[in-house]
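Listed below, chain by chain, are the residues.
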Amino acid sequence: MSDLEQLTQSLARNVKHWRTERGFTLDALAARAGVSRGMLIQIEQARTNPSIGTVVKIGDALGVSITTLLDYEQGPKVRIVPAEQTVRLWSTEAGSYHRLLAGTEAPGPLEMWDWLLLPHEGSPSDPHPDGTVELVHVTAGELTLVVDGVPHRVPEGASVTFEANTPHEYRNDGTVETRMIMAVSVPFVR
């Protein structure tokens, strides 16, 4: 089985598991996530490879991390994620990317990301559920963080935290690459 097939199967199993765990019907999850019922059926039957945006919306609606939705191993309490098992979820032809390094569900979804933004590239994000907080530490270059239309310059060595329930974007408006580490905490869905 290829890596893509394994991820598709894991996503199918995990979406169905968490939807059932939360007591959501297909229609209820579709409405919460803003995706079609048909798309959810295709995902749960492992008949499609959805976009990262769709996976994020479903994870947000279920109150679980992308790591949990894509996880194909239920491991011990200590989980080491080898470098070759990190998941690159977005990239551009020029070479910008963000990579999910690790995640957990306790007490709610918590994710850690590694980002590279090349000059004049950016990655927009839809609003996350109320209570979602993002923390970013810039390790190289300068980040332009746009939250609800307002740009904020975050220089190398600086950190920023913000409530991510409004549209936001990560941009590199400079001439050198921007590198950063990001943590995302999503509230537990009851």
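Refer to the structure presented above.
Residues numbered from 1 in each chain as written. Predicted model: local features only at pLDDT ≥ 70, side-chain atom pairs only at ≥ 80, totals over all residues. Heavy atoms only, no water.

Undergrad: How should the overall build of the protein be read in this particular structure?
TA: Per the secondary structure count, the protein includes five helices and 10 strands. Relative to the compact-globule value of 16 Å for 190 residues, the protein shows a C-alpha radius of gyration of 17 Å, a close match. The C-alpha extent of the protein, read off along each of the three principal axes, is 45 × 35 × 35 Å. Excluding contacts between residues fewer than 6 apart, the proportion of contacts in the protein whose partners are at least 24 apart in sequence is 64%. Accessible area for the protein stands at about 10100 Å²; split by element, carbon and sulfur atoms hold 53% of it. Seen as two clouds, the 16 positive and the 24 negative side-chain charges of the protein have centres 7 Å apart. (Helix = DSSP H or I, 4+ residues; strand = E, 2+ residues; numbered from the N terminus. Rg over C-alpha atoms; globule rule 2.2 N^0.38 Å. Contact = heavy atoms within 4.5 Å. Areas by Shrake-Rupley, 256 points an atom, 1.4 Å probe, with all protein chains shown as cover. Lys, Arg positive; Asp, Glu negative; His and termini not counted. Charge placed at Lys NZ, Arg CZ, Asp CG, Glu CD.)

Undergrad: Teacher, can you tell me more about the packing of helix H1 (residues 3–22) against helix H4 (residues 52–62) here?
TA: Any two packed helices are characterised by the angle at which their axes cross and by the distance between the axes. Where H1 contacts H4, the two axes come as close as 10 Å, and the packing angle between them is 25°. Classified by the angle between their axes, H1 and H4 sit roughly parallel to one another. Judged by the twist between their axes, the crossing of H1 over H4 is left-handed. The residues of H4 that touch H1, namely those facing Leu 11, Val 15, Trp 18, Arg 19 and Arg 22, are Val 55, Ile 58 and Leu 62. Its residues placed into classes, the contact of H1 with H4 shows six nonpolar, no polar and two charged. (Axes fitted to C-alpha atoms, helices over the stretch in contact; angles between N-to-C directions. Parallel < 35°, antiparallel > 145°, perpendicular 65-115°, else oblique. Left-handed = near helix turned anticlockwise from the far one by under 90°. Nonpolar A, V, L, I, M, F, W, Y, C, P; charged D, E, K, R; others polar.)

Undergrad: Can you help me understand the pattern of salt bridges in this one?
TA: Side-chain pairing between opposite charges can occur once the charged atoms of the two side chains come close. Tallying each qualifying case throughout the model produces six salt bridges. Where Arg 19 meets Glu 44, a salt bridge forms, and the shortest distance between an N and an O atom there is 2.6 Å. One end of the pair, Arg 19, is in helix H1; the other, Glu 44, is in helix H3 (residues 37–44), and 25 residues separate them in sequence. On the basis of relative accessible area, Arg 19 is assigned to the buried category, the value being 12%. The exposure class assigned to Glu 44 is buried, which follows from its relative accessible area of 15%. In this structure, Arg 37 and Asp 27 form a salt bridge, with 3.0 Å as the shortest nitrogen-oxygen distance. Taken together, the positions of Arg 37 in helix H3 and Asp 27 in helix H2 (residues 26–33) put the pair 10 residues apart, joining distant regions of the chain. Overall, Arg 37 belongs to the partly exposed group, its relative accessible area being 41%. (Salt bridge = Lys/Arg side-chain N within 4 Å of Asp/Glu carboxyl O. Buried < 20%, exposed > 50% of the residue type's maximum accessible area, 1.4 Å probe, protein only.)

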